[in-house]
Amino acid sequence: MKKGAVLFLLCALLFAAILLSLAVADVYELHLPANSTNTSASVINFTVNVTFTGQNGASWQNVSVWLSDDGILRRNTTNSTAVANGTLTNFSVSGFNEGTYNWTVSIGVDDADYFNESNYTIFVDLTPPNVSLLLPAAGNYTGSLIFNASVNDTFLDVVNVTYGYVRPGYADAWTTGTTEFFPWNTTLDTTTIDDGPWNISVNATDAAGNSNVTYNITEIIVDNSAPNASFVAPVNNTNLSIDILINATVNDTGTGVLYVSFGYQNRTSQITWVVANNSVEGFWNFTINSSDLVDGIYNLSINATDYVNNSLVAYNISFFTLDTIPPGEAPILVAANVSDSDNDGNIEINWTDVDDESAETYIVYRHSAEITEYNGSLANITVNRVEKGVQYFEDNTTTADNSTAYWYAVAAVDAAGNLNTSGGAINLSASRNSTANDSTMPNSPTNLNWSSISSSGSVTLHWLSVTTDVKGEPDARGLQYKVYRSDGNEVINTSNGTTITGTGAETLADTVSTNSSTFTVSENGTYIFIVTAIDDNSNENKSYDTSLAAPNLINVTVSITGSGSSGNGNTGSGNGGGSSGGDNKEDADAAVSQTKLWTEIKAGAASEFKITKSEIGIRGIKFTVTEDVANAEITVTKLASKPSTVTADYSGTVYQYLTVAKTNLKDTAVSGVTVEFRIARSWLTSNNALASGIVLLRYETDKWTELVSSETDLDASYIYYEASSPGLSTFAIALRPGFNSGSDDFVNTGSGDSPQGSGNETGIVDLPVVPKQKALLYTAVVIIIVALLAAGVGFFYYRKTKANISMDKEEEL
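Residues numbered from 1 in each chain as written. Predicted model: local features only at pLDDT ≥ 70, side-chain atom pairs only at ≥ 80, totals over all residues. Heavy atoms only, no water.

**Student:** Help me understand the environment of Leu-312, please; the structure alone is not making it clear to me.
**Tutor:** Relative to the assigned elements, Leu-312 resides in strand 26 (residues 311-322). By relative accessible area, which is 25% here, Leu-312 ends up partly exposed. Each C-alpha atom, one on Leu-312 and one on Ala-226, is 5.4 Å from the other, the two residues being 86 residues apart in sequence. Apart from residues no more than four positions distant in its own chain, Leu-312 is found in contact with Ala-226, Pro-227, Asn-228, Ala-229, Ile-302, Asn-303 and Ala-304. (Helix = DSSP H or I, 4+ residues; strand = E, 2+ residues; numbered from the N terminus. Buried < 20%, exposed > 50% of the residue type's maximum accessible area, 1.4 Å probe, protein only. Contact = heavy atoms within 4.5 Å.)

As structure tokens, then:
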């Protein structure tokens, strides 16, 4: 009995152990996708973890994924290659349609499937929601803006709706709708965004992540600001005597301006509002008939309203004075006070005024006969009215000769433009007459220069126009110029302050009305040209002064092609002042000039003068003025040799002497001068000169000063430089001492091609060169070295080959 019980107990324990081993043999873990997952993918990755403990020596072959969309599990895919115990196993299953799926796994053991007892559910949604924007509709908005849309999904729930609002050309901003009060409502405070047009978009997303985004469904205009407005006319604090044109600029950043009204109010009456007209975009106007108003001071107000009723109302922002009553009495003019007392051709008019109206001014009228009434034939010669208290005017616009008489009358004008009247007619002061007596000569022309000389002997001259007489008074009416020319190579007296007499310089005398003229000579030689000014009363100023920086005398050397002269043809030169000299014959370009005139330069403005004449080494001048200047002129002249005014010599070799003459441009008014210049590469070569030794010199206080110069560029013919200078005067382009080799062992950038190198901005360097004689020697040395190297290589190869043959023979033995 005991034995049987023990045996039974042992069997029961063994059977329980077997059952227990079967119960815990396998562990199935479903990882991804998680239970009740929503997805919009048609290809889904499944991840499981199976722990197999063994089953009486059974063999585990695979893991399979089972899917069901109708309650029946079907095997979809099997993994038999990666079934490591306790390791995640991945499956990729494709071809999903929209719907609900259950899934689980099984393991294959000895060709039998053992299923997991649990399964997960996944929801596949491949279709985005339907969405339709309900609010806002297209239109104008201010304050709060409500967004609303109708949204639904055919399978899963809609989980998010957002609304986009964007200014054209900018990125979208988005706001999220909620379902708290009304499906997918949200509100935007438009005061937090800019006025103007906005495009509206909507985005609806379901639980599976499918999104339906529709951009720029509609456009709205946000407007939270009143229009901007400002008066243009009448100008604030203006006196008027005629109908009042009120004009204002009005604009709105949002919906636009709907209407504008103007208010005007005498300071003792109620405000009157009138609706303005919009005849031009952005401008609103209205005209008030002055007869509807009484004289006095009026305030102006404005009301501007946009299309969402934002209004700007501004009171008393401008005022004007209506004055229709002229001064009470006319000025008093007497004959003794109308005359050309200084014989300059300009008649002086003096008057007195018994009235003392505030802000009164005067108009001076002129006529060819006695003035008895105001009419359209009277000439108003006061372009700018004569200010109160002056009571004096000089007429510098008279023409004709000394026998012409002029009548003058003076009218008083108040601040509103009312002339003194009597019975509705202009009450002019009694007219007086005087005869102009112009015996004063005009000033001499200045800055005489030439711009071109043709191969046929045609010379073009230029000079500055004359505007005043020798007393400094205006004298610009009817001015003419006379050009005098000497015979070729004729020596005449041109000392300072002389006057043209009738000898030597009157071979040519031509009168022109412009400040430029062209003349032709028939023979080679150096000619002296002098230009004089003649006013409208035939007063001619025949003086000339060669000591001036820009005189009215110039020497011009002409070389006519085919004339048999020693010149090279089609060349010419000129300089201001001095007699003709023999130096110019050695250099046809001895004094080539170029001039530039600035009518006006404002203080602080940067100016530039580009030189185009190839003979001149200076290629450009840049500078800044420290004060306003008018009729400023600069002339750059290339000289044949050192100027006579320069007493100091430079120890280096000079390439070119140049002068820079200024007119109406003080030294103290010029700052920040940069001079651009160049030098011919052929000159460097012929002088065995190094390009790095070129410098710009400035002559000042009886000495030459080297300016900091740097290379900027090069081409096949020239090397270009620039230098900073404290001012403008006489310059020289030169080679520093010690920068020419004096032998054939050096060469500079005067060779043909641009060298490669470093050391400056442009890569221009000074390189040693091998002369032709030494080049042959160096070539021979190179050939010998190459031959020796070839022989050494051949001997080494021979020894190696012989050694290999010997080793082969030893191996054979």
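Let's pick the thread back up.
**Student:** Where do I start with the packing of aromatic side chains in this structure?
**Tutor:** Geometry of an aromatic ring pair is reported as the spacing of the ring centres plus the angle between the planes. Tallying each qualifying case throughout the model produces 21 aromatic pairs. Each ring, one from Tyr-657 and one from Trp-704, has its centre 6.0 Å from the other, and the planes form 45 degrees; the classification is tilted. A residue pair is termed long-range when its members are at least 10 positions apart, and Tyr-657 in strand 49 (residues 653-663) and Trp-704 in strand 52 (residues 703-707) qualify at 47 residues. With relative accessibility at 16%, the residue Tyr-657 sits in the buried group. When its relative accessible area of 13% is taken as the criterion, Trp-704 is described as buried. Every member of this aromatic cluster is reached through a ring pair, and the members are Phe-46, Phe-96, Tyr-101, Trp-103 and Tyr-120. Positioned over the ring face of Tyr-718 is Arg-678, at 3.6 Å from the centre of the ring. (Phe/Tyr/Trp six-rings, centres within 6.5 Å; stacked < 30°, edge-to-face > 60°. Lys NZ or Arg CZ within 6 Å of the ring centre and 35° of its normal.)

**Student:** What am I meant to see in the pairing of strand 4 (residues 60-68) here?
**Tutor:** Every other side chain in a regular strand lies on the same face of the sheet, so the side chains alternate between the two faces. Counting buried positions along strand 4 gives 8 out of 9 residues, so the element sits mostly inside the fold. When strand 4 meets strand 7 (residues 99-109), the two strands line up antiparallel, connected through 8 bridges. Looking at strand 7, one finds that Asn-62 is bridged to Gly-108. For strand 4 and strand 5 (residues 74-79), the ladder comprises 5 bridges, and the chain directions are antiparallel. Bridge pairing in strand 5 links Ser-64 to Thr-78. What sits between the antiparallel neighbours strand 4 and strand 5 is a turn of 5 residues, in which Gly-71 has the positive phi angle 95 degrees. (Pairing = 2+ DSSP bridges.)

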